[in-house]
Number of protein chains: 2
Amino acid sequence: MTSTERTPRNTRQRAEVRDAVAANPAFATSQTIHDRLRHEGSKVGLATVYRTLQAMAASGELDTIRTPDGQIAYRTCTPGHHHHLVCRSCGRTVEIDLPGLEATTRRIAGEYGFAEIDHEVEFFGTCSSCA
Amino acid sequence: MTSTERTPRNTRQRAEVRDAVAANPAFATSQTIHDRLRHEGSKVGLATVYRTLQAMAASGELDTIRTPDGQIAYRTCTPGHHHHLVCRSCGRTVEIDLPGLEATTRRIAGEYGFAEIDHEVEFFGTCSSCA
DNA sequence: GATCTTCATGACAATCATTCTCATTTAGAC
DNA sequence: GTCTAAATGAGAATGATTGTCATGAAGATC
Ligand SMILES: [Mn+2]
Ligand SMILES: [Mn+2]
Ligand SMILES: [Zn+2]
Ligand SMILES: [Zn+2]
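Since the model is a prediction, treat every value here as computed from it, not as a measurement.

**Some words on the overall build of chain A**
A tally of regular secondary structure across chain A gives four helices and six strands. Ordered by position from N to C terminus, the α and β elements of chain A give α-β-α-α-β-β-β-β-α-β. Taking all 131 residues of chain A together, 40% fall into the buried category. If you take every contact in chain A between residues at least 6 apart in sequence, the share linking residues at least 24 apart comes to 47%. Charge centroids of chain A, computed over 15 positive and 16 negative side chains, lie 8 Å from each other.

Okay, structure coming up:
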């Protein structure tokens, strides 16, 4: 069951949001993307930006993190499993591989009898431009 | 600079919160702890529970995670650095060691020129009782 | 033990990211 | 072109968390 896959309609708004998030390699929140679009003259609504980014993340097009203060931030994502090193001050993001981690996850699952283990692994730091 | 360490006053409320969080090995939110205390007859205020748990976490007495829906949850913490395997449905938590991770963090920091790297690593799954 | 200063508390309001509502628009199927 | 379900947007609602500020009480000092 690859389950419930709905193909969304191709609306002007969806294209605008997709372009806006693709235009920047840093993680950005729905509000930030919305602001950016409005400044460019778009009339897209805030709720639409929220809904579109959520849908894109659910379909795997975007990656999600939670900022240290709890907001959800999105970024266009390289396909395949990986993690992120995010600059606390400017949001600049590097995708990183953690080759050992998947094996570790399986080992931990077995050891403690947990099923459907998911891991959330993010690194936060200060990038060289912001130091 | 081990910096600004203030010793909080020993109030009845602080003791009640400390006992309540220590009484349960699962992560719990401020609201949950507050409910629990009120049901036991305590008159402690919600804001006080928020403040007390925050302070205890800042001083290292408690560990913090963000639940998948974004709330902050606390748990009495074993001293020393470690990570958690948390049951999505009941909150039961196992503390785990990730021996290789600190070295990996340092390697990544060097590789990408990031400073003050912090890692957030949590595992979520379904425990055997909840399966 | 009484006094005093300062920090802690609690009721409530305020904040603010996110979600909901619902009337209106429109993509895409026919 | 018609039709219908899905998408949109304006605004209201939600809900966790934080701020405000008058009152209470640790605990230092006498
Ligand atoms: Mn990514
Ligand atoms: Mn812990
Ligand atoms: Zn930076
Ligand atoms: Zn469980």
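**Some thoughts on the coordination of the zinc ion (ligand 3)**
In this structure, Cys87 of chain A (SG), Cys90 of chain A (SG), Cys127 of chain A (SG) and Cys130 of chain A (SG) serve as the protein donors to the zinc ion (ligand 3), at separations of 2.2 to 2.4 Å. Taken together, the four donor atoms coordinating the zinc ion (ligand 3) span angles of 103 to 115° at the metal, a pattern that classifies the geometry as tetrahedral.

**Comments concerning unusual backbone geometry**
All names here are of chain A. Positive phi outside glycine occurs at Glu116, with the angle close to 50°. Within the secondary structure, Glu116 is located in strand 6 (residues 115–126). The exposed category is assigned to Glu116, whose relative accessible area is 62%.

**What to know about the environment of Ala47 of chain B**
All names here are of chain B. The residue Ala47 is located in helix 3 (residues 46–58) in this model. When its relative accessible area of 43% is taken as the criterion, Ala47 is described as partly exposed. Note: C-alpha distance between Ala47 and Tyr74 (27 residues apart in sequence) is 15 Å.

**Here's the deal with the sheet that holds strand 1 (residues 28–29) of chain B**
All names here are of chain B. The sheet built from three strands is open, its strands ordered 1-3-2 with antiparallel pairing. Either end of the sheet is taken by a strand with one partner, and the two such strands are strand 1 and strand 2 (62–66). One ladder, built from five bridges, connects strand 2 with strand 3 (residues 72–76); its direction is antiparallel. Across the sheet, the residue bridging to Arg66 is Ile72, located in strand 3.

**What about the coordination of the zinc ion (ligand 4)?**
Residues and elements named next belong to chain B. Distances from the zinc ion (ligand 4) to its protein donors, Cys87 (SG), Cys90 (SG), Cys127 (SG) and Cys130 (SG), fall at 2.2 to 2.4 Å. Geometry at the zinc ion (ligand 4) is tetrahedral, judged from its four donor atoms and the angles of 101 to 115° they form at the metal. Read N to C, the donor residues that coordinate the zinc ion (ligand 4) are spaced as C-x2-C-x36-C-x2-C. Of the two residues, Cys87 sits in strand 4 (residues 83–87) while Cys130 sits in the segment after strand 6 (115–126), which places them 43 residues apart along the sequence. Classification of Cys130 as partly exposed rests on a relative accessible area of 28%.

**What about the relation of the copies chain B and chain A?**
Each copy of the sequence occupies a distinct position, and chain B is placed on chain A by a rotation of 180° and an axial shift of 0.0 Å, giving an RMSD of 0.1 Å. Here the copies are linked by what is in effect a two-fold axis. In terms of proximity to the rotation axis, the leading residue of chain B is Val121 of chain B, whose C-alpha is 2.2 Å off the axis. When you check the interface residues of chain B against chain A, 100% turn up at the interface there too, and the contact is symmetric in its surfaces.

What counts, and at which threshold
Residues numbered from 1 in each chain as written. Chains lettered and ligands numbered in written order. Predicted model: local features only at pLDDT ≥ 70, side-chain atom pairs only at ≥ 80, totals over all residues. Heavy atoms only, no water. Helix = DSSP H or I, 4+ residues; strand = E, 2+ residues; numbered from the N terminus. Buried < 20%, exposed > 50% of the residue type's maximum accessible area, 1.4 Å probe, protein only. Contact = heavy atoms within 4.5 Å. Lys, Arg positive; Asp, Glu negative; His and termini not counted. Charge placed at Lys NZ, Arg CZ, Asp CG, Glu CD. Donors = N, O, S within 2.8 Å, 3.2 Å for Na, K, Ca; no water. Tetrahedral: all angles 85-135°; square planar, octahedral: opposite > 155°, others 65-115°. Pairing = 2+ DSSP bridges. Least-squares fit on C-alpha atoms with pLDDT ≥ 70 in both.

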